[in-house]
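Structural description and commentary
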Amino acid sequence: MALEFIENNQIRINDRDLILAVIDPPFKDGNSLLVEATSDTTNKHQQKLFVSDLQGVFGNMLPKGFQIIIYHPEGVLPRFHGRLS
């Protein structure tokens, strides 16, 4: 499975286990579940997630209020051939 909630504060996206922040109260836009990551391999302080890791993950798989932020995705965007929704 491309996306799986494995614990209250963790999510597995393909082969990557990521920490999931639960925001209470939710942000103004209604988002209450947040994954923050970076594609910068030199950053030792943030979890890693690449745009290419999202292959096979579709918007209808995500619960309402879910948000993924990937900092510094520039290095992988030219290789990604698809649309993120």
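Relevant structure appears above.
Some thoughts on unusual backbone geometry
The peptide bond linking D24 to P25 adopts the cis configuration, its omega dihedral lying at 5 degrees. If you trace the backbone, P25 turns up in the loop between β4 (21-22) and β5 (33-38). For H72, which is not glycine, the phi dihedral falls at a positive 60 degrees. Among the structural elements, H72 can be located in the segment after β6 (66-71).

A closer look at the packing of aromatic side chains
The full count for this structure, using the stated rule, is one aromatic pair. Ring geometry for F5 against F66: centres 6.1 Å apart, planes inclined by 85 degrees, an arrangement best described as edge-to-face. Here F66 lies in strand β6 and F5 lies in strand β1 (residues 3-7), a separation of 61 residues in the sequence. What makes F5 partly exposed here is its relative accessible area of 37%.

Analysis parameters
Residues numbered from 1 in each chain as written. Predicted model: local features only at pLDDT ≥ 70, side-chain atom pairs only at ≥ 80, totals over all residues. Heavy atoms only, no water. Helix = DSSP H or I, 4+ residues; strand = E, 2+ residues; numbered from the N terminus. Phe/Tyr/Trp six-rings, centres within 6.5 Å; stacked < 30°, edge-to-face > 60°. Buried < 20%, exposed > 50% of the residue type's maximum accessible area, 1.4 Å probe, protein only.

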